[in-house]
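Observations on the model geometry
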Amino acid sequence: MNFLKWITVNYYINVAITAWFLAQLSKTLLTLAVKKKLVMERMIGAGGMPSSHTALVCSLTIAMARKTGVSSAEFALALALACIVMYDAMGVRRAAGEHAKVLNKLVFGFQLFSEESDNLEDDQIAEELGDKTLKEYLGHTPLEVLGGMLLGILVAMVFPVQ
């Protein structure tokens with residue numbers, strides 16, 4: 001069986017990929033609405049509203065519950081994975097993103113126009129420096145994780161069980 005055929009017949013993968021894709025698409029459209037600019041990096045990038053990692057694992061968890069039941073080992077594993085991913089997104093990854101913001105301003109703020117850099121927006125500093133800045137959109141706020149969780153649950157509940 002070839003890969004494409006295998007991936008389209010696996011109910012769990014279909015639910016998870018659909019939730020991930022819709023979350024990434026939502027991020028891209030929200031960024032377009034706010035910044036009035038199409039930022040295609042949002043289709044694959046981490047961070048932002050809603051959390052695509054959370055949408056993926058929550059949809060997988062609900063799909064497991066619907067197909068194998070809440071007393072199954074598969075559901076327990078999916079639930080544990082979802083809890084770890086959501087905790088990590090709001091904790092370690094978010095803290096790393098906040099640290100990156102501070103480091104970018106400390107290191108590159110001094111290099112760019114010294115005192116004038118305080119008047120620049122984060123996007124302008126990043127544009128001036130190109131690929132030299134640290135990635136700041138790594139983690140999520142609790143609201144972004146909640147958005148991903150709700151999207152993942154919705155996708156899994158709407159997706160027909162095979």
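Here the residue index of a chain counts from 1 through its sequence in written order. Owing to the predicted nature of the model, reporting of local features is limited to residues with pLDDT of at least 70; listing and counting of side-chain atom pairs is limited to 80 or more, with chain, interface and lining totals taken over all residues. Side-chain figures throughout are based on the complete set of non-hydrogen atoms in the structure, without hydrogens or water.

Regarding the overall build of the protein chain
A helix here means a DSSP run of H or I that spans at least four residues, while a strand means a run of E at least two residues long, and both kinds are numbered starting from the N terminus. Scanning the protein chain from N- to C-terminus turns up seven helices and zero strands. Mapped from its N terminus to its C terminus, the protein chain presents α and β elements in the order α-α-α-α-α-α-α. In the protein chain, the share of contacts with a sequence separation of at least 24, taken over all contacts with a separation of at least 6, comes to 70%. Per-residue and other accessible areas follow the Shrake-Rupley method at a 1.4 Å probe size, with only the shown protein chains counted as cover for residues. When the accessible surface of the protein chain is summed, it comes to about 9,900 Å², and 68% of that surface belongs to carbon and sulfur atoms. Contacts are assigned to residue pairs with any non-hydrogen atoms lying within 4.5 Å of each other.

With respect to the packing of helix α3 (residues 52-68) against helix α4 (residues 73-90)
For the pair α3 and α4, the least separation of the axes is 9 Å and the interaxial angle reads 165 degrees. Classed by the angle they form, the pair α3 and α4 counts as roughly antiparallel. The crossing of α3 and α4 is left-handed. Between α3 and α4, the contacting residues are His 53, Thr 54, Val 57, Cys 58, Thr 61, Met 64, Ala 65 and Thr 68 on the first element and Glu 74, Phe 75, Ala 78, Leu 79, Leu 81, Ala 82, Val 85 and Met 86 on the second. To get an axis, a line is fitted to the C-alpha atoms, and for a helix only the part in contact is used. The angle between two axes follows their N-to-C directions and goes from 0 to 180 degrees. By definition in this entry, angles of less than 35 degrees are roughly parallel, angles greater than 145 are roughly antiparallel, angles of 65 to 115 are roughly perpendicular, and the rest are oblique. Take the far helix as your reference; a near helix turned counterclockwise from it by less than a right angle gives a left-handed crossing, and one turned clockwise gives a right-handed crossing.

Here's the deal with α3
Here a helix's expected span is defined as the number of its residues, less one, multiplied by 1.5 Å. For α3, spanning 17 residues, the distance from its first C-alpha to its last is 24 Å, which sits close to the expected 24 Å at 1.5 Å a residue. Any residue under 20% of the maximum accessible area for its type is buried, any over 50% is exposed, and the rest in between are partly exposed; the area is computed with a 1.4 Å probe on protein chains only. Those residues of α3 that sit buried are Ser 52, Thr 54, Ala 55, Val 57, Cys 58, Ser 59, Leu 60, Thr 61, Ile 62, Ala 63 and Met 64. Those residues of α3 that are buried are in contact with α2 (11-35), α4 and α7 (142-158). Backbone geometry just downstream of α3 places Gly 69 in the positive-phi region, at approximately 90 degrees.

Focus on a nonpolar patch on the surface
In this analysis, a patch consists of residues with relative accessible area above 30% that form no salt bridge, clustered at 9 Å for like charges and at 5 Å for the nonpolar side chains Val, Leu, Ile, Met, Phe, Trp and Tyr. Put simply, a salt bridge is a Lys or Arg side-chain nitrogen that is within 4 Å of an Asp or Glu carboxyl oxygen. On the surface, a nonpolar cluster with roughly 690 Å² of combined accessible area is contributed by Trp 20, Phe 21, Leu 22, Leu 25, Leu 29, Leu 32, Leu 38 and Met 40. With respect to the helices and strands, Leu 38 occurs in the loop between α2 and α3.

Digging into the state of the cysteines
In this description, the term disulfide denotes a pair of cysteine sulfurs within 2.5 Å. Inspection of every chain in the model, using the stated rule, returns zero disulfides. With no disulfide of its own, Cys 58 has Cys 83 as its nearest cysteine by sulfur position, at a separation of 8.2 Å. Overall, Cys 83 belongs to the partly exposed group, its relative accessible area being 43%.

Observations concerning the confidence of the model for the protein chain
Reading predicted coordinates in detail is not appropriate for stretches of low pLDDT. Summarising the model, the protein chain shows a mean pLDDT of 79, and 66% of its residues fall at 70 or more. A residue's pLDDT is the predictor's confidence in that residue, given on a scale from 0 to 100. Put simply, helix α6 (residues 122-129) is where the protein chain has its lowest mean pLDDT, 57, and α3 is where it has its highest, 95.

Considerations on the side chain of Lys 27
Relative to the elements of secondary structure, Lys 27 occurs in helix α2. Only four residue types enter the charge count: Lys and Arg as positive, Asp and Glu as negative, with His and the chain ends excluded. Among buried Asp, Glu, Lys and Arg side chains, Lys 27 stands out as unpaired, with Glu 144 the closest opposite charge at 7.9 Å. Engagement of the side chain of Lys 27 in a polar contact is seen with the side chain of Gln 24, the distance being 3.0 Å. When near neighbours in sequence (up to four residues on either side) are disregarded, Lys 27 contacts Arg 42, Gly 45, Ala 46, Gly 47, Gly 48, Met 49, Pro 50, Ser 52 and His 140. Polar contact is the term for a pair of N or O atoms within 3.5 Å; when the atoms are in protein, one must be able to donate a hydrogen and the other to accept it, and sequence-neighboring residues count only if both atoms are side-chain atoms.

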